[in-house]
Amino acid sequence: MGRPARPPALRRPRLVSLRTTFAVSFAAVTAAVTILVGIVSYGSAARLVRVDQQSVFTQVVQDVQDEVRQHRMVPEDFSSSRPGHDLVRPARTDVQVLGARGEIVDHGSPVLPVTARDRSVAVARPAGRMVQHKDVRVDEDLFRIATVSLGDGRGAVQVAQEFSDTEDLLRTLQQRTLILMAAVVVAAGLFGWWLARRITRRLVVLTSAAEDVARTRRLGIQVPVTGLDEVGRLGRAFDRMLGRLAQSEEDQRRLVQDAGHELRTPLTSLRTNISLLRRIDELPPGTREDLVADLTQEARELTDLVNELVDLAAGQSDAEPPQRVDLADLAEDVAGLAERRTGRRITLRTSGDTTTDGRPGMLQRAISNLVENAAKFDRDGKAPIEVAVTGPARPGAVRVEVLDRGPGIADGDLIRIFDRFYRAADARSLPGSGLGLSIVREVATAHGGAPFAFRREGGGAVIGFTVGGGLADSDGGPPGGPDG
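All values derive from a computational prediction rather than experimental measurement. (Residues numbered from 1 in each chain as written. Predicted model: local features only at pLDDT ≥ 70, side-chain atom pairs only at ≥ 80, totals over all residues. Heavy atoms only, no water.)

Ranked by internal contacts, the top residues of the largest apolar core, which has 36 residues, are Leu327, Leu363, Ile367, Val371, Ile463 and Phe465. Among the elements of the structure, helix H6 (327–342), helix H7 (360–377), strand S9 (385–390), strand S10 (398–404), helix H8 (436–446) and strand S12 (461–467) are those that each provide at least two residues to this core. Apart from the residues lying within four places of it in its own chain, the contact partners of Leu327 are Thr354, Thr356, Leu363, Ile367, Val389, Val398, Val400 and Val467. Ranked by size, the runner-up nonpolar core spans 14 residues in total, among them Met73, Phe78, Val95 and Val97. (Core = buried A, V, L, I, M, F, W, Y, C linked by side-chain atoms within 4.5 Å. Buried < 20%, exposed > 50% of the residue type's maximum accessible area, 1.4 Å probe, protein only. Helix = DSSP H or I, 4+ residues; strand = E, 2+ residues; numbered from the N terminus. Contact = heavy atoms within 4.5 Å.)

Attention now moves to the sheet that holds strand S2 (residues 104–106). Taken together, five strands build an open sheet; the order of strands is S2-S1-S5-S4-S3 and the sheet is antiparallel. What marks the edges here is a single partner per strand, and that holds for S2 and strand S3 (130–138). Neighbour-to-neighbour, the strand axes of this sheet turn through a mean angle of 30 degrees, independent of strand direction. Bridge analysis of strand S1 (residues 93–98) against S2 gives two bridges, and the strand direction is antiparallel. Its bridge partner lying in S2, Val97 is registered against Asp106. (Pairing = 2+ DSSP bridges. Axes fitted to C-alpha atoms, helices over the stretch in contact; angles between N-to-C directions.)

Glancing now at H7. Each turn of an α-helix holds 3.6 residues, which means side chains three or four residues apart point in the same direction. With 18 residues, H7 ought to run about 26 Å at 1.5 Å a step, and its terminal C-alpha atoms sit 26 Å apart, in line with that. Among all positions of H7, only Pro360, Met362, Leu363, Ala366, Ile367, Ser368, Asn369, Leu370, Val371, Asn373, Ala374 and Ala375 are buried. (Expected span 1.5 Å × (residues − 1).)

What follows concerns the packing of H6 against H7. Axis separation between H6 and H7 bottoms out at 9 Å; the angle between their running directions is 40 degrees. As judged from the angle between their axes, H6 and H7 are oblique. Here the hand of the crossing between H6 and H7 comes out right-handed. In this structure, H6 contributes Leu327, Leu330, Ala331, Asp333, Val334, Ala338, Arg341 and Thr342 to the contact, and H7 contributes Pro360, Leu363, Gln364, Ile367, Ser368, Val371, Glu372 and Ala375. (Parallel < 35°, antiparallel > 145°, perpendicular 65-115°, else oblique. Left-handed = near helix turned anticlockwise from the far one by under 90°.)

Attention now moves to the UniProt feature "transmembrane region" (unreviewed entry) in the chain. Mapped onto this numbering, the UniProt entry gives "transmembrane region" (unreviewed entry) at residues 21–42 and 178–196. Counted over residues 21–42, helix gives 100% and strand 0%. Its end C-alpha atoms are 31 Å apart. The straight-line gap between the two end C-alpha atoms of residues 178–196 is 26 Å; of that span, 100% is helix and 0% is strand. (UniProt positions renumbered as here; feature names shortened; annotations may be inferred.)

Attention shifts here to the pattern of salt bridges. Inspection of the entire model under this criterion finds eight salt bridges. Between Asp357 and Arg324 there is a salt bridge, with the nearest N and O atoms lying 3.0 Å from each other. Of this pair, Asp357 sits in strand S8 (residues 355–358) while Arg324 is found in strand S6 (residues 323–326), placing the two residues 33 residues apart along the sequence. We classify Asp357 as exposed; its relative accessible area is 52%. Notably, a salt bridge pairs Arg399 with Glu401, separated by 3.2 Å at the nearest N-O pair. (Salt bridge = Lys/Arg side-chain N within 4 Å of Asp/Glu carboxyl O.)

By the element assignment, Ser149 lies in strand S4 (residues 141–149). A residue is classified by how much of its surface remains accessible, and Ser149, at 0% relative accessible area, is buried. Remark: the alpha-carbon pair of Ser149 and Met130, spanning 19 residues in sequence, is separated by 6.4 Å. Apart from residues no more than four positions distant in its own chain, Ser149 is found in contact with Val68, Val121, Ala124, Pro126, Ala127, Gly128, Arg129, Gly155 and Ala156. In this structure the side chain of Ser149 is engaged in a polar contact, spanning 2.7 Å, whose partner is the backbone oxygen of Pro126. (Polar contact = N/O pair within 3.5 Å; in protein donor to acceptor, adjacent residues only side chain to side chain.)

So, in structure tokens, the structure goes:
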């Protein structure tokens, strides 16, 4: 047996626009409210009209009963042809008089039907005895009829009230209510469509911008959305988001280009040295040792470069949770490790409150990069490398700086040493990737601070950063002199 055929794929429902949804919802709510109000209003009006008509009819019948019980009356007393007859005839009320045998002696207009029950009332002896009929049809009209005996077999009086006119009136009112309700619903739908179009106009602009970004992959477009409401805030947030994404894309592109340029040199050197390994047996022992040392150094530098690239591209461990950090303790750990690795003496001085909120791993890496940078450029120096951590007199920025007695920094390089892969002309012969100080800048800005660098009096350089909201002076110098 073959496999059962699969049912045809269901067609994906067409997406309904927000404008249509809003207009339909507005019309639906308006229709529901209008129908509810119309039903309640019509029901209340119909009930009041019917109760009022019933009250009028009941009162007329009660008056007739009181009249025949208080006075001895005969059929002629109720004759419509007799001047000054005693019965008052309200509007839409018909009166017909029956004789002693139940015959009609004064017909109404129209003539009312007489039943056996009505005749029995006409010959009844008690005055005021009544029999009532509901929904009696006479000449296409509906009546309610009450027959009241005159007493002692003298006849009876029939009082009838037409309520078909009332029902016709209520039916007309119902039709007009339905027409009005339909008009209100249509008007609400049109108004809802107009209002939805007005409200969603800027959302359509945002949607078009998002679709353009998805189609063209261009992030540098302007989002022309204004206003102070939620849509305006959404437009501005969307515009800022596109700006951040465009900047991030540009940074990534530049990082890839710079990384490719920087990786090309060590890889070329490695490839050259590896080609020499094929003739290593032909080389003198001293040349072999130099070749192996070069390979080891190049591999180490390449590893350091790759590690720094990974750290820089990964955002410097943004997943590390922030906590309360004492920068003086971090600097002490970095100084101890650097002394063991470089053999240089490193001194630490601290003052004030050096605690701040931050990510310890990132901050420690930034301080370590500063110390390694100073040791690299002051390789043959005899003076100790100084690390200073200064806390503010009041809550604010904590300042970290590393002071060396190296060759210093040229004025033209002060504003560029924190750029990625930038290396001064006199430093290109030294090992390094040009990423260490760039990472320092990333860490400082991530902690609400900024990097700084200036020339040290007496020779050397001072390079550092602030965290916790502090900013370096625009000229790159310290706020209060070389020592900060």
